[in-house]
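Analysis of the macromolecular model
The residues making up each chain are set out below.
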Amino acid sequence: LPSGGTNKFQEIKRRTREAEDKGVKIYRLSIGQPLGPALLSARKAAAEAVMSDNESMHEYQDNGSPGVPDFAQRFVAAHLRTSIKDKKVAYLPTPGSKSMLEIVILSCNLQEGELLGTMTDPGYPTPADQSEYLKVEHYALPTNQKNLFRFNTGDIKQDAKADQSTKLLMLNLPHNPTGQIATRKWLENLCSHCERHGIRLFNDNPYQLLSHTTRSWTLTDVAVNFPNLSWAEAFSASKIIGNGTGWRVGAIVGSEDFVADIATIKSNCDSGFAAPMAAGVLYAIENDRASIEAIQKTCAKRLKLLIDILSRHGIALAIKPWAGFFVLCKVPKVAFGQRIKDAEEFNYLMIENTGVVGVHFGHYIRYSVTGDIEAMEEALDIAFGKAGVMY
Ligand SMILES: Cc1ncc(COP(=O)(O)O)c(C=O)c1O
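About the criteria used
Residues numbered from 1 in each chain as written. Predicted model: local features only at pLDDT ≥ 70, side-chain atom pairs only at ≥ 80, totals over all residues. Heavy atoms only, no water. Phe/Tyr/Trp six-rings, centres within 6.5 Å; stacked < 30°, edge-to-face > 60°. Helix = DSSP H or I, 4+ residues; strand = E, 2+ residues; numbered from the N terminus. Buried < 20%, exposed > 50% of the residue type's maximum accessible area, 1.4 Å probe, protein only. Lys NZ or Arg CZ within 6 Å of the ring centre and 35° of its normal. Near = heavy atom within 4 Å. Polar contact = N/O pair within 3.5 Å; in protein donor to acceptor, adjacent residues only side chain to side chain. Areas by Shrake-Rupley, 256 points an atom, 1.4 Å probe, with all protein chains shown as cover. Nonpolar A, V, L, I, M, F, W, Y, C, P; charged D, E, K, R; others polar.

Attention now goes to the packing of aromatic side chains. Considering all chains together, one arrives at 8 aromatic pairs under this definition. A ring pair is formed by Tyr207 and Phe325, whose centres lie 5.8 Å apart and whose planes are at 90°; its orientation type is edge-to-face. Separated by 118 residues along the polypeptide, Tyr207 in the loop between β7 (200–205) and α7 (219–223) and Phe325 in the loop between α10 (289–312) and β10 (326–330) bring together distant segments of the chain. Taking relative accessible area as the criterion, Phe325 reaches 2% and is therefore assigned buried. Residues Tyr367 and Phe384 carry aromatic rings whose centres are separated by 5.5 Å and whose planes lie at 80° to one another, so their mutual orientation is edge-to-face. Pair noted here: Tyr367 is in strand β15 (residues 364–368) and Phe384 is in helix α12 (residues 373–387), with a separation of 17 residues, a long-range link. The structure contains a cluster of three or more aromatic residues connected by ring pairs, namely Phe71, Phe75 and Phe273. Sitting over the ring of Trp322, Arg215 keeps its end group 4.9 Å from the ring centre.

Here we come to the site of the ligand. Near the ligand there are 13 residues, and of these Asp204, Ser236, Ser238, Lys239 and Arg248 occur at the shortest range. Contact between the ligand and Ser238: an oxygen atom at 2.6 Å from a side-chain N or O atom of the residue. In isolation the ligand offers 400 Å² of accessible surface; the protein chains occlude 91% of this area. Classifying every residue of the shell around the ligand by side-chain character gives 3 nonpolar, 6 polar and 4 charged.

Right, here's the structure in full:
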């Protein structure tokens, strides 16, 4: 591999440690996972499952879930607004979503001139990174303040002259880092376009249950009504049962053709999830919904408070978040009395001068509310006040 390219998160951690060593008190608004353990209900159910004498709980689960029958159907159903029991769909349990992204790309077997469109600018970079590794031609769909970080069908590249056409879209809605969501109308328009143009549609959806609005729809709820659309959606337990990021449990649902292709590649890449952890997830999602809703409410309340604090000090949002635990802000032109080049410079200045840590994305900076914003309110007020930002 060529050398270089320090991982952004590792560099942020290094800068944070440096500031901490100089005595700066640190406020981590950079953390992308819920703090604390997974829900007690999930842990208890997983503990019971791991003590089970039933061999199916301990064996390879492969593309199924012998230890937790119908896991994927039941886990997916808990995310939906409508019943899809009578629809023609296929299911696949997964060990979380990240490792599935590469498998989704491979399952489409894209050839020269066949493009993959992503939501990675700004965004969770994995689909773009893995396309690089796989030498798949890819581009970031335009997502910016003007289009509220949701592209239009006219932005999907189709160029007959250049012999290039988009064959796969890998979306992420609700979106990390903007908190933008997919509405029913927007999804219907997109599904119809992709059905007509033979474009496969995939949505990476770990944040659905952290939506703070009733306008947030899953791709699944809408795509099931487009019989000729090839589509799939991945759900994950990582962010919804408290901190379940290390549990590695999720599921994919989609049209039979697409899920069959994903399953073929997946069967040659992994051996399935750990069944006892999936048993814990399923118990919580089916029997402890109140705790999951409480997590969602806490995120929404903290986001509101953080946005109040940011507004008090003139920090402009890129967009109001409707889901998840992130807020994306525009980087000011001036802070700490100096001109600011980009979000990276602003982030490191904030860390050095105030201890507030974010994650930079080009000209935007992301702050998370996984920590207790209420307890940090006074310190954050002082920190953002000290920055003295101007746009
Ligand atoms: C958009 C997005 N996709 C996938 C993941 C990873 O999910 P999982 O833990 O299921 O692999 C994350 C986690 O930060 C994410 O933000």
